[in-house]
Amino acid sequence: MKRYGNLWDKLISWDNLVLAAKKAQRGKRRRPDVQAFNFWQEKELLKLQHELITDTYRPGEFVTHWIYEPKARLISAAPYRDRVVHHALMNILEPILNRYFHPDSYACRSDKGSHAAADRLQSLMHRYRYALKCDVRKFFPSIDHTIIKHTFRRLIKDQKVLTLMDMIVDSSNLQEPVLQWFAGDELFAPVERRKGLPIGNLTSQWFANWMLSDFDHYMTSVLGLGGYVRYCDDFIILHNDRIRLRRAIGQIKAYLQSKRLSLHPAKVHIRPVASGITFVGYRIWPTHQLLRKQNVRRFNRRLVWMKRGYACGMLDQKDVKQRLASWIGYACHADTKRLIRRMSRQWRFTRGKAEVNACYSRRQLEQQCNQLHDYQPQQQHAIQSEQQHRVPTRPALSKINARNRTIYGLWERSSESPGLVPVRSFANARRIYAVWHDGAGSIYCERPDMPLGLCG
């Protein structure tokens, strides 16, 4: 295997640091730490470059929080200047790793992703009868630091770059404890060995994917199994012989033990492809794809929060539209025409009527709503407490049917509404909101004294 060197000068170059800062701020420009860094960007980047050259750079402390959906995970956020360094490092390593990674590894790579992984699995399901689905148990908290550092040295030989990568790994905060004993371990080996990469770092995603890259080549080249797809720590093997897949489980466990990893005992299944496979958030069959039921239920709970947040002023028109469009974009990758049409009927938002439920998951909503009553924007919304707003279903309609759709009624746009508000300001008028197949929409009006035309 070729080892790459002469990477340090490229990493600390001014152009690379500017590009890294540009990538690190995507979607985060309004955050105070990002704004403070960008206000003195040239000065901060020069300071960061000097620290890297003089070997005085040290990573900062993480900000952590727990998430509980779909399962409990510890999320760790590095300081912004450290994230700039992470992007600068990956700008150099990403072209090298993409040449080394297996083509059926879909996590953290350009032109890959979860949708490409789902489509690849569906294409393989036409050629094989059975599928073995596996999951690595507590993958990120179980990554051994000694093993991942050895993996670096198999591909990189620039000592300064290796020192920076080792520093990023060693600066990882304490993760969820995982007690696992492997062959040859002493009693306190699981506690004495450093392990765990923080979930939330750009480098953690790439390093974890890098660690299992040898496993991808082992599955396809050494074992010679039929079809194979991996997304991070979830992977699926397809074959026409169920007994061959059952024997492969023992071989997979033996290989993962050499990396001090293990399979999740409750997430190893062999089933016919005709019964469907759950993978990367979708339920996949050879003929179609659907959303997971728990994902739909989770969005319904989020929809309740959005209605209450809009009612009390926490969310505005732009926030509601972005959240609905985001979910539609995710759902449209599956066969969900009827689901989107049915759920879009519930997208009605009302100002000034926030119902309180004791079982509501967002417990801070009521407290934040009470604080907003003292603000001026909330007083402006009080005059339309009884108005009912309809979020336009243009994205849903444009994805559902290629034919033109027209909604008739008495309509008038409102600057406070996330959509169109039914009013009765013109007794003899008819306003038409037309949604075309490409998603564009126009309002046309027709009155006895006015010809049909664009009314705005």
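Just so it is clear, the structure is predicted and the values come from calculations on it, not from any experiment.

Analysis parameters
- Residues numbered from 1 in each chain as written.
- Predicted model: local features only at pLDDT ≥ 70, side-chain atom pairs only at ≥ 80, totals over all residues.
- Heavy atoms only, no water.
- Helix = DSSP H or I, 4+ residues; strand = E, 2+ residues; numbered from the N terminus.
- Buried < 20%, exposed > 50% of the residue type's maximum accessible area, 1.4 Å probe, protein only.
- Contact = heavy atoms within 4.5 Å.
- Areas by Shrake-Rupley, 256 points an atom, 1.4 Å probe, with all protein chains shown as cover.
- Salt bridge = Lys/Arg side-chain N within 4 Å of Asp/Glu carboxyl O.
- Disulfide = S-S within 2.5 Å.
- Pairing = 2+ DSSP bridges.
- Axes fitted to C-alpha atoms, helices over the stretch in contact; angles between N-to-C directions.
- Expected span 1.5 Å × (residues − 1).
- Arc of directions from axis to C-beta.
- Phe/Tyr/Trp six-rings, centres within 6.5 Å; stacked < 30°, edge-to-face > 60°.
- Lys NZ or Arg CZ within 6 Å of the ring centre and 35° of its normal.
- pLDDT = per-residue confidence, 0-100.
- Core = buried A, V, L, I, M, F, W, Y, C linked by side-chain atoms within 4.5 Å.
- Lys, Arg positive; Asp, Glu negative; His and termini not counted.

A short note on the overall build of the protein chain
Item 1. The number of helices and strands found in the protein chain is 19 helices and 17 strands.
Item 2. For the protein chain, the residues scored as buried account for 45% of the 456 residues in total.
Item 3. Put simply, of all contacts in the protein chain between residues at least 6 apart along the chain, 71% involve residues at least 24 apart.
Item 4. For the protein chain, the accessible surface area stands at approximately 24,600 Å², while carbon and sulfur atoms represent 51% of it.

Things to note about the pattern of salt bridges
Item 1. With the rule as written, the count across this model stands at 12 salt bridges.
Item 2. Ionic pairing is found between arginine 230 and aspartate 216, a salt bridge with its closest N-O pair at 2.7 Å. Here aspartate 216 lies in helix α12 (residues 213-222) and arginine 230 lies in strand β4 (residues 227-231), a separation of 14 residues in the sequence. Of the two residues examined, arginine 230 and aspartate 216, each falls in the buried class.
Item 3. Salt bridges linked by common partners bring Asp144, Asp185, Arg193 and Arg260 together as one network.

Remarks on the state of the cysteines
Item 1. Counted under the stated rule, the structure contains zero disulfides.
Item 2. Sulfur of cysteine 108: no disulfide; nearest cysteine sulfur belongs to cysteine 232 and is 6.3 Å away.

Re the sheet that holds strand β7 (residues 277-279)
Item 1. The three strands lie next to each other as β7-β8-β9, forming an open sheet whose pairing is antiparallel. Each of the sheet's edge strands pairs with one partner strand only, and the pair in question is β7 and β9 (289-291). When strand polarity is set aside, the average angle formed by the axes of neighbouring strands in this sheet is 30°.
Item 2. Direction of pairing for β7 relative to strand β8 (residues 282-284): antiparallel, over a ladder of three bridges. Bridged to isoleucine 277 within β8 is isoleucine 284.

Some thoughts on helix α15 (residues 317-331)
Item 1. Its 15 residues give α15 an end-to-end C-alpha distance of 21 Å, which sits within 8% of 21 Å, the value for a rise of 1.5 Å per residue.
Item 2. Buried within α15 we find Val320, Leu324, Trp327, Ile328 and Ala331. Looking straight down α15, one finds its buried side chains confined to an arc of 105°; they lie on one side.

Comments concerning helix α4 (residues 41-53)
Item 1. Its 13 residues give α4 an end-to-end C-alpha distance of 18 Å, which sits within 8% of 18 Å, the value for a rise of 1.5 Å per residue.
Item 2. Among the residues of α4, Leu45, Leu48, Gln49, Glu51 and Leu52 are the ones counted as buried. Projected onto a plane normal to the axis of α4, the buried residues spread over an arc of 160° and lie on a single side. Exposed side chains of α4 directed beyond 90 degrees from the buried face belong to Glu42, Lys43 and His50.
Item 3. As for α4, its buried residues are in contact with α1 (8-11), α2 (14-24), α3 (32-39), α5 (80-100) and α9 (159-170).

Focus: the pairing of β4
Item 1. Judged by how many residues are buried, β4 sits mostly within the fold: four of five residues are covered.
Item 2. Relative to strand β5 (residues 234-239), β4 runs antiparallel, the two sharing five bridges. Residue pairing across strands places valine 229 opposite isoleucine 236, the latter belonging to β5.
Item 3. In this structure, the hairpin formed by β4 and β5 is closed by a connection of two residues, where cysteine 232 is found at a positive phi of approximately 60°.

Considerations on the packing of aromatic side chains
Item 1. On inspection of all chains with the given rule, the structure shows 14 aromatic pairs.
Item 2. Measuring from centroid to centroid gives 4.2 Å for phenylalanine 299 and tryptophan 327, while their planes differ by 15°, and the two rings are stacked. You can see phenylalanine 299 sitting in helix α14 (residues 293-312) and its partner tryptophan 327 sitting in helix α15, a full 28 residues away along the chain. Across this residue pair, the class does not change: phenylalanine 299 and tryptophan 327 are buried.
Item 3. Geometry around tryptophan 40 places lysine 43 over its ring, the cationic atom sitting 5.6 Å from the centre.

Observations regarding the confidence of the model for the protein chain
Item 1. Per-residue confidence for the protein chain gives a mean pLDDT of 80; residues scoring 70 or more make up 77%.
Item 2. For the stretch residues 354-363, pLDDT sits under 50, and the model shows 12 contacts to residues farther than four places along the chain or on other chains.
Item 3. For residues 371-456, every residue scores under 50 in pLDDT, and the model assigns this stretch 158 contacts once sequence neighbours within four places are set aside.

Considerations on the sheet that holds strand β6 (residues 269-272)
Item 1. Pairing within the open sheet is antiparallel, and its four strands lie in the order β4-β5-β3-β6. Single-partner strands in this sheet number two, and they are β4 and β6. With strand direction ignored, the average angle separating the axes of adjacent strands in the sheet is 20°.
Item 2. Two elements, strand β3 (residues 130-135) and β5, share six bridges in a ladder whose sense is antiparallel. What sits directly across from aspartate 135, in β5, is aspartate 234.
Item 3. Sitting on the sheet, α12 is in contact with β4 and β5, with an inclination near 170° to β4.

Focus on the nonpolar core
Item 1. Ile156, Phe207 and Trp210 are the most contacted members of the largest nonpolar core, which has 71 residues in total.
Item 2. In terms of residue count, the dominant contributor to this core is α5 (11 residues).
Item 3. Not counting the four nearest positions on each side in its chain, phenylalanine 207 is found in contact with Leu89, Ile148, Phe152, Met165, Ile168, Val169 and Leu197.
Item 4. Counting residues in each nonpolar core, the second largest holds 36 residues, with Val296, Leu324, Leu339 and Met343 among its members.

As for the side chain of aspartate 233
Item 1. Note on placement: aspartate 233 falls in the loop between β4 and β5.
Item 2. Of the side chains with opposite charge, lysine 71 comes closest to the buried, unpaired aspartate 233, at an N-O distance of 5.7 Å.
Item 3. In contact with aspartate 233, other than residues within four places in its own chain, are Cys134, Asp135, Val136, Phe139 and Leu212.

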